[in-house]
Amino acid sequence: MALGDTPKRLSGLIKIFLGLFLFLPSCLNIYAAQEIPSERLVQGKPPLPTAVPSEKGKWYLGEFYEYGRVNQGSRFGNWNEMDERIGYEYKNIQLYTYAAQLKRFADKDYTYNFGTVIPFKNYYIHEEFGFGSDVDFIYKFQNILEISHKLTGNLYWQGGYNYRNYKQNDTYLIYPGLIYYFGNNYVSVDYGVSMIESRGNSQFGTVKGDFEITDSLHWSLGAAVGERLYDIYELSANKEYGYIIFTGFTLNLYKDLNLRLGYSYGMEKPSFIKRGLNFGLSIKF
């Protein structure tokens, strides 16, 4: 798919989004969950888009909230997250920015992020960078690069790279995988390898799916199994082995107004359990 001949329009959009990116954080009181990259990428990374392009530009507004209950050894408390996002899509070219507030027990961290998805022939390229603020456990800087390309028919390969700079260490995550589309459904599998400076490598695998139940209702589910999905105790990788399972429903309430309800459960040795309820609301106009 070609990028199209809209350089003036895109130039104007980029200027608008740069302004929003600088302005939005001061207007939002938001949340985010030190996590290793695995936890958020496992549940939060959507498939790169292959939908029929939108000839008319559309704005996107989204709100996400997760209430998480955590058992960490003898410690009990909440991990909560709230994200607010604004974006624009034209001919499958997407620009977006979002801010997040993350809370772990009594600590609050904030992130501010900007990204784009660009289709090019049979490729989809996703680039995102972000910064942490008032950092206790979240990254100070992150960069995500993802690429997807058609192999044959409805089968795509995809690969991603995530770099995060923390107070203690830098982390690197590489995750190649496959995604298969059929109708308005998809199934994907990924294999991830993460490296924490001074602490070595760990690995995990994920499988995810999204299925159309009716014209207005989608059901998603997935699981991840492996090492350092949370990295709570900062032990060697083989002593931090666990899993995450998650499911949810997306309901189209009216035209481009969607409601998301979901649940997740994760555990990691030696003694960590997280249960999460999440809610999302999004609209395109």
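Above this text is the structure in question.
Here's a quick rundown of the structure. The shown structure was predicted, so the numbers you read here are calculated from the model rather than taken from an experiment.

### Considerations on the overall build of the protein
Logical step 1: If you tally the helices and strands in the protein, you get two helices and 14 strands.
Logical step 2: Looking at the protein as a whole, 46% of its 285 residues qualify as buried.
Logical step 3: When the accessible surface of the protein is totalled, it reaches about 13,800 Å², and 62% of it is carbon and sulfur.

### A word on the packing of aromatic side chains
Logical step 1: Under the definition given, this model contains 17 aromatic pairs.
Logical step 2: Here Y180 and F182 contribute two aromatic rings whose centre-to-centre distance is 5.8 Å and whose plane-to-plane angle is 25°, an arrangement assigned as stacked.
Logical step 3: For F182, a relative accessible area of 32% corresponds to the partly exposed category.
Logical step 4: Three or more aromatic residues joined by ring pairs form one cluster here, namely F114, F129, F131, F141, Y163 and Y172.
Logical step 5: We note R85 situated over the ring of Y98; from NZ or CZ to the ring centre the distance is 4.3 Å.
Logical step 6: Directly above the ring of F137 sits R104, whose terminal nitrogen or CZ lies 5.2 Å from the centroid.

### Notes on the environment of R228
Logical step 1: Here R228 shows up in the loop between β11 (217–227) and β12 (241–254).
Logical step 2: One polar contact links the side chain of R228 to the main-chain carbonyl oxygen of R199, over a distance of 3.1 Å.

### Digging into unusual backbone geometry
Logical step 1: With an omega dihedral of 10°, the bond running from K269 to P270 counts as a cis peptide bond.
Logical step 2: Looking at the secondary structure, you find P270 in the loop between β13 (257–268) and β14 (272–284).
Logical step 3: Unlike most non-glycine residues, D231 shows phi in positive territory, near 60°.
Logical step 4: Tracing the chain through its elements places D231 in the loop between β11 and β12.

### Topic: the nonpolar core
Logical step 1: Core analysis: the biggest nonpolar cluster contains 14 residues, and V70, W79, L229, Y230, I232, I244 and F272 have the highest contact counts within it.
Logical step 2: Beyond its immediate stretch of four places on either side in the chain, F272 contacts V70, N71, Q72, W79, Y230, I232, Y233, G266 and M267.
Logical step 3: Counting residues in hydrophobic clusters, the runner-up holds seven residues, among them A100, V135, I138 and Y139.

### Quick word on the pairing of β11
Logical step 1: Alignment of strand β10 (residues 200–214) against β11, held across ten bridges, turns out to be antiparallel. Each bridged residue has a counterpart across the sheet, and for K208 the counterpart in β11 is G222.
Logical step 2: Connecting β10 to the antiparallel partner β11 that follows it, the hairpin turn spans two residues.
Logical step 3: Sheet topology places β11 next to β12; eleven bridges connect them, and they run antiparallel. The residue of β12 that forms the bridge with V225 is Y243.

Rules used throughout
Residues numbered from 1 in each chain as written. Predicted model: local features only at pLDDT ≥ 70, side-chain atom pairs only at ≥ 80, totals over all residues. Heavy atoms only, no water. Helix = DSSP H or I, 4+ residues; strand = E, 2+ residues; numbered from the N terminus. Buried < 20%, exposed > 50% of the residue type's maximum accessible area, 1.4 Å probe, protein only. Areas by Shrake-Rupley, 256 points an atom, 1.4 Å probe, with all protein chains shown as cover. Phe/Tyr/Trp six-rings, centres within 6.5 Å; stacked < 30°, edge-to-face > 60°. Lys NZ or Arg CZ within 6 Å of the ring centre and 35° of its normal. Polar contact = N/O pair within 3.5 Å; in protein donor to acceptor, adjacent residues only side chain to side chain. Core = buried A, V, L, I, M, F, W, Y, C linked by side-chain atoms within 4.5 Å. Contact = heavy atoms within 4.5 Å. Pairing = 2+ DSSP bridges.

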